[in-house]
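Notes for the structure review
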Amino acid sequence: MIFKEYIKTSEYDFIRDNPRLGDRIILLGVSGSYGYGTNREGSDVDFRGITLNLPSDLIGFTEFEQFEDRATDTVIYSFNKIINLLISCNPNTIEILGIDENEYVIKTDVGQELLDNKDMFLSKRAAASFGHFADAQLRRLQNAIARDKLPQVEREGHILRSVQNALDDFNRKQSLGGLGKTRVYIDDAVTEGLDKEIFIDGEMKHLPVRVYSEMMNTMNTVIREYDKIGKRNRKKDDDHLNKHAMHLVRLFMMGTDILKSGLIRTRRPDEELRLLRSIREGTFMVDGRLTDDFYKIVSEYEVRYQEAERNSKLPDNPDMERIEKFVESVNKRVVLGEI
């Protein structure tokens, strides 16, 4: 499929007609199944991109974060918003920087600058970002399939891993000294109706109350999301479950690449695609349940992911000095009308 011709159709007139898009777009590329290489007959074509902020967004009163066209499943982020998402190594946006060269339908000089400097966003924050997304994806599957049959103790363990990922990421972002140690773990429950539950131990020194409140909100958000996930996926059919299962493994693959090699690779290699497509086609789904073989595969990829995290040579945090200079350079040129 020639994607550059694809966006010339009338369906995509909004790209040319919207004053925030048009020649302000610095990157636009194929995302979703076509970007990953897992597309099949009938797959939708998704585009993700980045557009420059207007000068009035930067020095005036206007605001803009992203444009979304649901009819074509196109999402285009503002430059300033995408930078913040990339700093967190958000899996849904970092993939924009790893699309195959021939699948960018728009790429300006500034877009190339961003691609040339993508390594400045890579850090061990990827471990929490990809780990949390993958863990949530697994919980979606198990909640949708097992629902109330999942033992409470096992469910609590799933929540614990997500809480720990969120807490690790929070601690990296804060980088505050003198906070002591905080540990979350599972023990015999004291709450009525539970066999096991999550506890927290903390030795905190000179911790701002606002930071403490934000930390607790971070953990509470994860727990609330589990409730939403269970309700949201109860009626998913096998096809959707297979798609979730495929993306779970894909997240581990992509996250491992980043942590191990500093490589953002959106389209998966052929040997990985064979497995991903097999999962997508339902090879591991029997009578509405994922097989033990599937969970063995997940465990294998999770072990690789954890090993990559332990041995990662990436810094704890992104190169904020380089990022700030880059953002300042781009936005200065926008304000001066140079781009």
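Details of the structure are given in the entry above.
Now for a description of the structure that goes with this document.

The rules behind each value
- Residues numbered from 1 in each chain as written.
- Predicted model: local features only at pLDDT ≥ 70, side-chain atom pairs only at ≥ 80, totals over all residues.
- Heavy atoms only, no water.
- Helix = DSSP H or I, 4+ residues; strand = E, 2+ residues; numbered from the N terminus.
- Buried < 20%, exposed > 50% of the residue type's maximum accessible area, 1.4 Å probe, protein only.
- Areas by Shrake-Rupley, 256 points an atom, 1.4 Å probe, with all protein chains shown as cover.
- Pairing = 2+ DSSP bridges.
- Axes fitted to C-alpha atoms, helices over the stretch in contact; angles between N-to-C directions.
- Contact = heavy atoms within 4.5 Å.
- Core = buried A, V, L, I, M, F, W, Y, C linked by side-chain atoms within 4.5 Å.
- Parallel < 35°, antiparallel > 145°, perpendicular 65-115°, else oblique.
- Nonpolar A, V, L, I, M, F, W, Y, C, P; charged D, E, K, R; others polar.

1. Description of the overall build of the protein
Looking only at helices and strands, the protein features 14 helices and 9 strands. Scored against the burial criterion, the 339 residues of the protein give a buried share of 48%. Element-wise, carbon and sulfur atoms account for 47% of the exposed surface of the protein, whose accessible area totals about 17,700 Å².

2. Things to note about the sheet that holds strand β4 (residues 74-78)
If you walk across this open sheet you meet the 5 strands as β3-β4-β2-β1-β5, and the pairing is mixed. Both edges of this open sheet fall to β3 (66-69) and β5 (104-107), since each of them pairs with a single strand only. Across the sheet, the mean angle separating the axes of adjacent strands is 15 degrees when strand polarity is ignored. Bridge count for strand β2 (residues 46-51) against β4 is 5 bridges, and the pairing is parallel. Note that in β4 the partner of T51 across the bridge is S78. Of the strands in this sheet, β1 (25-31), β2, β3 and β4 are in contact with helix α5 (residues 79-87), which crosses β4 at around 90 degrees.

3. Overview of the nonpolar core
In terms of nonpolar packing, the biggest core is built from 60 residues, with I94, F121 and F294 touching the most fellow members. Of all the elements, helix α11 (residues 238-261) adds the most residues to this core, at 11 residues. Not counting chain neighbours up to four residues away, the residues in contact with F121 comprise I83, L86, I87, I94, L97, L114, P318 and I323. Counting residues in hydrophobic clusters, the runner-up holds 17 residues, among them F14, L21, L28 and V105.

4. Structural notes on the packing of α11 against helix α12 (residues 270-280)
Two elements in contact, α11 and α12, have axes whose closest approach is 7 Å; the angle formed by their N-to-C orientations is 155 degrees. Comparing their axes, α12 and α11 come out roughly antiparallel. The segment α11 lies against α12, with D239, N242, K243, A245, M246, V249, R250 and M253 engaging E272, L275, L276, I279 and R280. Looking at side-chain class alone, the contact of α11 with α12 contains 7 nonpolar, 1 polar and 5 charged residues.

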